[in-house]
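Report on the structure
Chain residues, written in single-letter form:
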Amino acid sequence: QVQLVESGGGSVQPGGSLRLSCAASGSIFAINVMGWYRQATGKQRELVAIISSSGTITYADSVKGRGTISKDNAKNVYLQMSSLNSEDTAVYYCFAVAKVSSTSLFRNFWGQGTQVTVSS
């Protein structure tokens with residue numbers, strides 16, 4: 001179906017920056033939305049940023065001013081974050097709303113996640 005592969009996670013110091021990447025592959029007919037969610041230990045998974053095929057972008061309030069989501073084509077999405085703090089520590093998941101060539105419905109797809117740890 002659709003595979004989402006994240007890269008770019010790791011450990012950073014408070015105030016630092018990092019760039020996450022996600023590449024989609026498979027028998028994809030169309031992708032309406034791509035973006036990022038995150039889940040910290042003991043907390044619910046939450047939206048970080050998403051971008052639609054038309055270019056419409058939505059950011060979580062906690063990320064506005066510090067994060068930038070972008071695409072270089074319909075199947076690759078990036079998240080640049082700066083001024084990181086301990087509250088940004090979480091597993092970050094790539095997300096897509098897509099339709100595979102063998103189906104007639106759009107569905108949600110998730111990557112395996114990549115750990116981001118912000119600490120001194």
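Residues numbered from 1 in each chain as written. Predicted model: local features only at pLDDT ≥ 70, side-chain atom pairs only at ≥ 80, totals over all residues. Heavy atoms only, no water.

A short note on the pairing of strand β10 (residues 107–110)
Successive side chains on a regular strand alternate, one facing one side of the sheet and the next facing the other. This is how the line gets drawn: Any two strands are treated as partners once DSSP identifies two or more bridges connecting them. Strands here mean DSSP runs of E at least two residues long; helices mean DSSP runs of H or I at least four residues long; both are numbered from the N terminus.
Looking at chain direction, strand β9 (residues 90–100) and β10 are connected through four bridges and run antiparallel. Within the sheet, the bridge partner assigned to V97 lies in β10 and is N108. The turn joining β9 and β10, which pair antiparallel and follow one another in sequence, is formed by six residues.

A short note on the sheet that holds strand β8 (residues 76–81)
Whenever strands of a sheet pair, they do so through backbone hydrogen bonds, lying parallel or antiparallel. Here is the rule: What counts as an axis is a line fitted to C-alpha atoms, over the stretch in contact for a helix, and the angles between N-to-C directions run from 0 to 180 degrees.
Judged by pairing direction, the sheet is antiparallel, and its four strands sit side by side in the order β1-β3-β8-β7 without closing on themselves. At either end of the open sheet lies a strand with only one pairing partner, and these are β1 (2–7) and β7 (67–73). Here the strands of the sheet are splayed against their neighbours by 20° on average, with no regard to which way each runs.

Observations regarding the environment of T58
This is how the line gets drawn: Whether two residues are in contact is decided by their heavy atoms, any of which lying within 4.5 Å being enough.
Tracing the backbone through its elements, the reader meets T58 in strand β6 (residues 57–59). Setting aside its immediate chain neighbours within four residues, T58 contacts L47, V48, A49 and I50.

Thoughts on the pattern of salt bridges
Which entries qualify depends on this criterion: Each salt bridge in this description consists of a side-chain nitrogen of Lys or Arg and a carboxyl oxygen of Asp or Glu lying within 4 Å of one another. Buried residues are those whose accessible area, probed at 1.4 Å on protein chains only, stays under 20% of the maximum for their type, while exposed residues exceed 50% and partly exposed ones sit between those limits.
Taken as a whole and assessed by the stated rule, the structure comprises four salt bridges. Its salt-bridge partner being E46, residue R38 comes within 2.8 Å of it at the nearest N-O pair. Here K64 and D61 are joined by a salt bridge, their closest N and O atoms 3.3 Å apart. Each of the two residues, K64 as well as D61, counts as exposed. Counted as one network, the salt bridges with shared partners bring together R38, E46, R66 and D88.

Here's the deal with the state of the cysteines
So the rule is basically this: Note that a disulfide, as used here, is simply two cysteine sulfur atoms within 2.5 Å.
Enumeration over the complete set of coordinates arrives at one disulfide. Between the sulfur atoms of C22 and its disulfide mate C94 the distance is 1.9 Å. Because the torsion about its S-S bond is -85°, the bridge between C22 and C94 counts as left-handed. Taken together, the positions of C22 in strand β3 (residues 18–26) and C94 in strand β9 put the pair 72 residues apart, joining distant regions of the chain. Using a relative accessible area of 0% as the deciding quantity, one classes C94 as buried.

Focus on the environment of A96
Along the chain, A96 falls in strand β9. As for A96 and V77, which are separated by 19 residues in sequence, their C-alpha atoms are 9.9 Å apart. Excluding residues within four positions of it along the chain, A96 makes contact with L4, I31, V33, M34, R107, N108 and F109.

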